[in-house]
Amino acid sequence: MACMKLGSKSDAFQKQGQAWFCTTGLPSDIVVEVGEMSFHLHKFPLLSRSGVMERLIAEALEEGDEKCVINLPDIPGGAKTFELVAKFCYGVKLELTSSNVVYLRCAAEHLEMTEDYGEGNLIMQTETFFNQVVLRNWKDSLKALQTCDDILPYAEELNITKRCIESLATKACTDPNLFGWPIMERGPMQSPGGSVLWNGISTGARPKNSSSDWWYEDVSTLSLPLYKRLISIMESRGIREEIIAGSLAFYAKKYLPGLNRRQGASESSSRVVPAALAPPSEEEQKTLLEEIDRLLPMQKGLVPTKFLFGLLRTALILKASPSCLSKLEKRIGMQLDQATLEDLLMPNFSYSMETLYNVDCVQRILGHFLSMDQIAGGASPCSVDDGQLIGSPSLTPITMVAKLIDGYLAEVAPDVNLKLPKFQALAAAVPDYARPLDDGLYRAIDIYLKSHPWLAESDREQLCRLMDCQKLSLEACTHAAQNERLPLRIIVQVLFFEQLQLRTSIAGCFLVSDNLEGSRQLRSGFAGSTEGGWATAVRENQVLKVGMDNMRMRVSELEKECSDMRQEIEKLGRTKGSSAWGNVSKKFGFKLKSQMCSAEEGSVSNQNNGSAKSEKAKDRQGKHKKNLSSDG
């Protein structure tokens with residue numbers, strides 16, 4: 001730390017309890033009281049350096065006091081600073097540092113220690129040291145600014161605070177490697193190769209290469225009012241928003257303990273040093289959080305989503321203002337596609353404790369995301385083909401959010417206090433086009449039905465209408481067809497669409513087989529058949545046959561299940577004396593189900609017969625070729 005010594009006399013001051021005595025051989029003729037400390041001094045050294053002391057001593061003498069007593073209750077820096085001022089007046093060696101120069105400069109101004117009361121007086125000495133030494137060094141500027149907190153009105157009046165902040169802002173906006181500023185190091189010094197010259201003296205070592213965040217830890221030692229002013233000046237100097245946001249996140253993590261509770265080991269920062277003072281109170285933390293929210297630029301991606309969720313969770317605990325909570329929810333909504341399921345699982349801190357997790361907050365965040373997605377032009381229809389989402393690349397974030405919400409629904413579904421309308425509202429908020437498959441939604445619905453067995457049949461059907469049975473995978477259809485928790489109507493729909501999906505796949509396989517045979521004949525007509533090509537075709541045909549056989553077996557199993565279910569329903573109908581399948585099918589909305597099944601069975605049998613005939617023809621053709629080869 002830079003320093004300068006003033007004066008040449010030896011220290012002649014001695015402290016006894018709450019009093020200072022000047023041992024110069026002459027008895028003291030004046031007592032200066034500063035707070036609880038008394039200074040027994042002599043008049044001439046004080047009045048010869050200070051205009052205020054000259055007037056106060058003259059007033060005391062006019063009153064005829066035998067012992068001149070002067071009270072200085074408002075001197076900046078208190079008794080400790082006046083001790084240094086008194087020593088300066090007596091010509092004692094005084095060491096100026098970045099820690100005491102602000103106190104001495106303000107005290108000298110308060111006592112009017114100008115050049116009119118002696119050349120090289122304290123105002124001139126401290127001002128020169130402040131401008132030529134302190135403001136040119138990062139560490140000294142930072143230390144001087146920290147001391148301004150104690151005497152802020154005096155420092156503001158002399159523009160000391162403003163000059164320190166501007167000095168720090170200028171240096172933070174500039175690469176320190178260009179000038180070799182001796183900033184506070186967070187790591188060990190490197191080897192002496194290529195050492196830096198500082199004031200013409202080789203340090204023997206060089207600082208490590210600093211990135212744009214080298215000043216984060218240093219400025220985090222400032223109080224919130226001074227830190228806010230520094231950030232504002234930096235923004236006016238054009239420093240990038242992501243750098244400002246990074247500093248705000250660093251400052252918040254240091255003084256808001258709640259942000260680090262759910263932080264992983266990989267994210268724990270060794271750079272965050274606990275504050276030297278006592279931890280801030282809840283009210284101070286609340287004020288800090290609201291100020292961080294006001295200073296943080298409203299832009300996507302400046303800070304990690306996990307950090308924003310940490311701010312929101314802490315704001316809910318500290319009961320921050322509604323405007324602060326709303327802004328944090330909007331910030332998260334802007335980048336919800338970058339969140340994880342763990343981030344969404346925020347406990348409910350309300351007094352009612354209606355639900356275990358704060359579902360309402362997640363729904364509001366989702367609403368902000370969807371509104372931003374519509375503004376960005378991402379909300380456009382798309383189609384699903386073989387489980388792949390077809391549409392513009394802008395749909396990728398909303399697809400990720402849909403998957404995230406489905407996972408969240410599955411996590412909150414076991415909560416017995418979660419009401420059906422709230423679950424339905426969150427599930428229905430996700431647009432249909434955002435879900436390529438409804439497997440995740442089906443899983444969440446199944447968990448909710450399992451955890452709420454008391455739901456009426458109408459409520460179960462209403463809940464299951466949230467999912468589209470046509471968008472379930474084969475595995476989900478198989479599970480749903482055997483799920484006793486689902487309403488009967490939904491099971492029938494699942495079975496129907498599963499059969500339809502399988503028959504469509506079989507028809508596609510037949511079409512591919514026909515195209516392959518046609519392409520082979522075309523190739524053979526132009527280029528003739530070769531042994532290698534024929535062998536490849538045979539292998540392809542065998543693979544197709546195996547796949548078709550598996551599908552036929554699955555279809556037959558599903559048909560048997562459907563037939564058994566129909567027979568059971570008919571039995572129930574006969575016991576009640578009503579027309580069984582017609583009424584049930586009419587009730588379920590599948591009036592043409594049996595006709596479609598019989599028609600499809602006929603088409604499959606025709607295809608099977610056609611396939612058998614073609615296989616027999618191929619066998620005869622193979623035998624004929626074999627006979628020809630043997631005759632040859």
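Each value, and the rule that gives it
- Residues numbered from 1 in each chain as written.
- Predicted model: local features only at pLDDT ≥ 70, side-chain atom pairs only at ≥ 80, totals over all residues.
- Heavy atoms only, no water.
- UniProt positions renumbered as here; feature names shortened; annotations may be inferred.
- Helix = DSSP H or I, 4+ residues; strand = E, 2+ residues; numbered from the N terminus.
- Buried < 20%, exposed > 50% of the residue type's maximum accessible area, 1.4 Å probe, protein only.
- Contact = heavy atoms within 4.5 Å.
- Areas by Shrake-Rupley, 256 points an atom, 1.4 Å probe, with all protein chains shown as cover.
- pLDDT = per-residue confidence, 0-100.
- Salt bridge = Lys/Arg side-chain N within 4 Å of Asp/Glu carboxyl O.
- Axes fitted to C-alpha atoms, helices over the stretch in contact; angles between N-to-C directions.
- Parallel < 35°, antiparallel > 145°, perpendicular 65-115°, else oblique.
- Nonpolar A, V, L, I, M, F, W, Y, C, P; charged D, E, K, R; others polar.
- Pairing = 2+ DSSP bridges.
- Core = buried A, V, L, I, M, F, W, Y, C linked by side-chain atoms within 4.5 Å.
- Domains from an automatic or database assignment.
- Phe/Tyr/Trp six-rings, centres within 6.5 Å; stacked < 30°, edge-to-face > 60°.

By the naming in an unreviewed UniProt entry, the chain goes by NPH3 domain-containing protein and is assigned to Manihot esculenta. Quoted verbatim from the Pathway (unreviewed entry) heading of the UniProt record, the comment on the chain is "Protein modification; protein ubiquitination." UniProt annotates the chain under Sequence similarities (unreviewed entry) with the comment "Belongs to the NPH3 family."

**What about the overall build of the chain?**
The number of helices and strands found in the chain is 25 helices and 11 strands. Among the 632 residues that make up the chain, the fraction classed as buried is 42%. Across the chain, every contact between residues at least 6 apart in sequence was considered, and the portion connecting residues at least 24 apart equals 69%. Of the roughly 33700 Å² of accessible surface on the chain, a fraction of 54% belongs to carbon and sulfur atoms.

**What about the confidence of the model for the chain?**
Averaged over every residue, the pLDDT of the chain is 76; the share at 70 or more is 66%. Confidence, expressed as mean pLDDT per element, reaches its minimum in the chain at strand E10 (residues 383-385) with 42 and its maximum at helix H4 (residues 101-110) with 96. Here residues 179-209 is modelled with pLDDT under 50, and outside its nearest four sequence neighbours on either side it reaches 53 contacts, counting other chains as well. Throughout residues 620-632 the model reports pLDDT below 50, and contacts reaching past four residues in sequence, or to other chains, amount to zero contacts.

**Examining the pattern of salt bridges**
Applying the stated criterion across every chain yields a total of 19 salt bridges. Across the pair Glu 242 and Arg 240 runs a salt bridge, and its minimum N-O distance is 2.8 Å. Judged by its relative accessible area of 39%, Glu 242 is partly exposed. For Lys 471, the salt bridge identified is with Asp 438, shortest N-O distance 3.9 Å. Of this pair, Lys 471 sits in the loop between helix H20 (457-464) and helix H21 (474-481) while Asp 438 is found in the loop between helix H18 (420-429) and helix H19 (439-451), placing the two residues 33 residues apart along the sequence.

**Describing the packing of helix H10 (residues 224-236) against helix H12 (residues 282-295)**
Remark: H10 packs on H12, axes separated minimally by 12 Å, with the N-to-C direction vectors making an angle of 5 degrees. Relative to H12, the element H10 lies roughly parallel. For the pair H10 and H12, contact is made by Leu 224, Lys 228 and Glu 235 and by Leu 288, Glu 291 and Leu 295, respectively. In terms of residue class, the contact of H10 with H12 is made up of three nonpolar, no polar and three charged.

**Brief notes about the pairing of strand E5 (residues 37-41)**
Buried residues dominate E5, accounting for five of its five residues. On E5, burial covers both faces: Met 37, Phe 39 and Leu 41 on one face and Ser 38 and His 40 on the other are all buried. With three bridges connecting them, strand E3 (residues 19-22) and E5 associate as parallel partners. The residue bridging Ala 19 from the neighbouring strand is Ser 38, located in E5. Both strand E4 (residues 30-34) and E5 contribute to a ladder of five bridges, which runs antiparallel. By the bridge assignment for E5, Glu 33 is matched with Ser 38.

**Focus: the nonpolar core**
Ranked by internal contacts, the top residues of the largest apolar core, which has 152 residues, are Val 32, Leu 41, Trp 215 and Leu 336. Three or more residues apiece are contributed to this core by two domains, here domain 1 (3-158) and domain 2 (335-377 + 395-469). Sequence-distant contacts of Val 32, that is, excluding residues within four places in its chain, are made with Met 37, Ser 38, Phe 39, Leu 41, Leu 46, Met 53, Ile 70, Leu 72 and Phe 82.

**A word on the packing of aromatic side chains**
Under the definition given, this model contains seven aromatic pairs. Ring centres 5.0 Å apart and planes at 90 degrees place the aromatic pair Trp 215 and Tyr 216 in the edge-to-face group. Just as Trp 215 is buried, Tyr 216 falls in that class too. Geometrically, the ring pair formed by Tyr 251 and Tyr 255 is tilted, given 4.9 Å between the ring centres and 50 degrees between the ring planes. A residue pair is termed a helical-turn pair when its members lie 3 or 4 positions apart in one helix, as Tyr 251 and Tyr 255 do in helix H11 (residues 241-255) at four residues. The pair Tyr 251 / Tyr 255 is uniform in exposure class, with both members buried. Here the aromatic cluster, defined as three or more aromatic residues joined through ring pairs, consists of Trp 215, Tyr 216 and Phe 250.

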